[in-house]
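Chains, contacts and geometry: an overview
Single-letter residue listing:
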Amino acid sequence: MKELTKAEEQVMQYAWELKKAFLKDIVEQFPAPRPAYTTISTVVRVLVRKGFLSFETFGKIRQYFPTISKEQYFQKHMNSVINNFFSGSKSKFAHFFTEDEDLDLTELEEIKQLIDSKIKKLKGNND
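Read on for an overview of the structure.

What counts, and at which threshold
- Residues numbered from 1 in each chain as written.
- Predicted model: local features only at pLDDT ≥ 70, side-chain atom pairs only at ≥ 80, totals over all residues.
- Heavy atoms only, no water.
- Helix = DSSP H or I, 4+ residues; strand = E, 2+ residues; numbered from the N terminus.
- Core = buried A, V, L, I, M, F, W, Y, C linked by side-chain atoms within 4.5 Å.
- Buried < 20%, exposed > 50% of the residue type's maximum accessible area, 1.4 Å probe, protein only.
- Contact = heavy atoms within 4.5 Å.
- Pairing = 2+ DSSP bridges.
- Patch = residues over 30% accessible without salt bridge, like charges linked within 9 Å, V, L, I, M, F, W, Y side chains within 5 Å.
- Areas by Shrake-Rupley, 256 points an atom, 1.4 Å probe, with all protein chains shown as cover.
- Salt bridge = Lys/Arg side-chain N within 4 Å of Asp/Glu carboxyl O.
- Lys, Arg positive; Asp, Glu negative; His and termini not counted.
- Charge placed at Lys NZ, Arg CZ, Asp CG, Glu CD.
- Phe/Tyr/Trp six-rings, centres within 6.5 Å; stacked < 30°, edge-to-face > 60°.
- Lys NZ or Arg CZ within 6 Å of the ring centre and 35° of its normal.
- Axes fitted to C-alpha atoms, helices over the stretch in contact; angles between N-to-C directions.
- Parallel < 35°, antiparallel > 145°, perpendicular 65-115°, else oblique.
- Nonpolar A, V, L, I, M, F, W, Y, C, P; charged D, E, K, R; others polar.

1. Comments concerning unusual backbone geometry
Note the cis peptide between A32 and P33, where omega equals -5°. Within the element layout of this structure, P33 appears in the loop between α2 (23–29) and α3 (37–50). Even without a glycine there, the phi angle at K19 is positive, about 70°. By the element assignment, K19 lies in the loop between α1 (6–18) and β1 (21–22). If you check the backbone angles, S87 has positive phi at about 50° while not being a glycine. Here S87 shows up in the loop between α4 (70–85) and α5 (90–98).

2. Side note on the nonpolar core
Counting 20 residues, the largest nonpolar core has V11, M12, I26, I40, V44, L47 and F52 as its most contacted members. Secondary-structure elements contributing two or more residues to this core are α1, α2 and α3. Here the element with the most residues in this core is α1; it accounts for 5 residues. The contact partners of V44, leaving out residues within four places of it in the chain, are V11, L23, I26, L53 and Y64.

3. As for the pairing of strand β2 (residues 53–58)
Across 6 bridges, the pairing between β2 and strand β3 (residues 61–66) is antiparallel. Within β3, the residue paired with F58 across the bridge is I61.

4. Let's talk about a negative patch on the surface
A contiguous patch of negative charge, built from E99, D100, E101, D102, D104, E107, E109 and E110, is present on the exposed surface. Within the secondary structure layout, D100 lies in the loop between α5 and α6 (105–126). Classification of D100 as partly exposed rests on a relative accessible area of 30%.

5. Examining the packing of aromatic side chains
Under the criterion given, the structure shown has 7 aromatic pairs. A centroid spacing of 5.9 Å and a plane angle of 65° characterise the contact between F55 and Y64, whose relative ring orientation is edge-to-face. Cluster of aromatic residues (ring-pair linked, three or more members): W16, F52 and Y73. For R62, the ring lying beneath its charged end belongs to F55, and the centroid distance is 3.9 Å.

6. Structural notes on the packing of α1 against α3
Relative to each other, α1 and α3 sit at 85°, their axes nearing to 10 Å. The pairing of α1 with α3 is recorded here as roughly perpendicular in orientation. Packed against α1, whose contacting residues are A7, E8, V11 and M12, the element α3 presents I40, V43, V44, V46, L47 and K50 at the interface. Residues of the contact of α1 with α3, tallied by class, amount to 8 nonpolar, no polar and 2 charged.

Here is the structure:
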């Protein structure tokens, strides 16, 4: 899967939120001052070419919709980050976050609870 540029990712955020949208709907999502209509149109065409968006045609107007969910993209993007920066090791990735001084005790306990829950689920499947 290809990576998204910042502009493409921003358009995709709006597309995921709207689920189905005409170009004008996407343009209206941008805060003022909005990029030019033609700029967003170009980004949308690139996203169609990359396979992230598809469309239905109604006369001369196209209604766009995502072909991949936000979760699917995020998972593939995170796997790419883990492969590129942590040699493919998810434990090194987790270690990186445990060393983050911005995490407080509550956040660490929430992470621990998620991990404990996943371990319990996996052990339950092996019994």
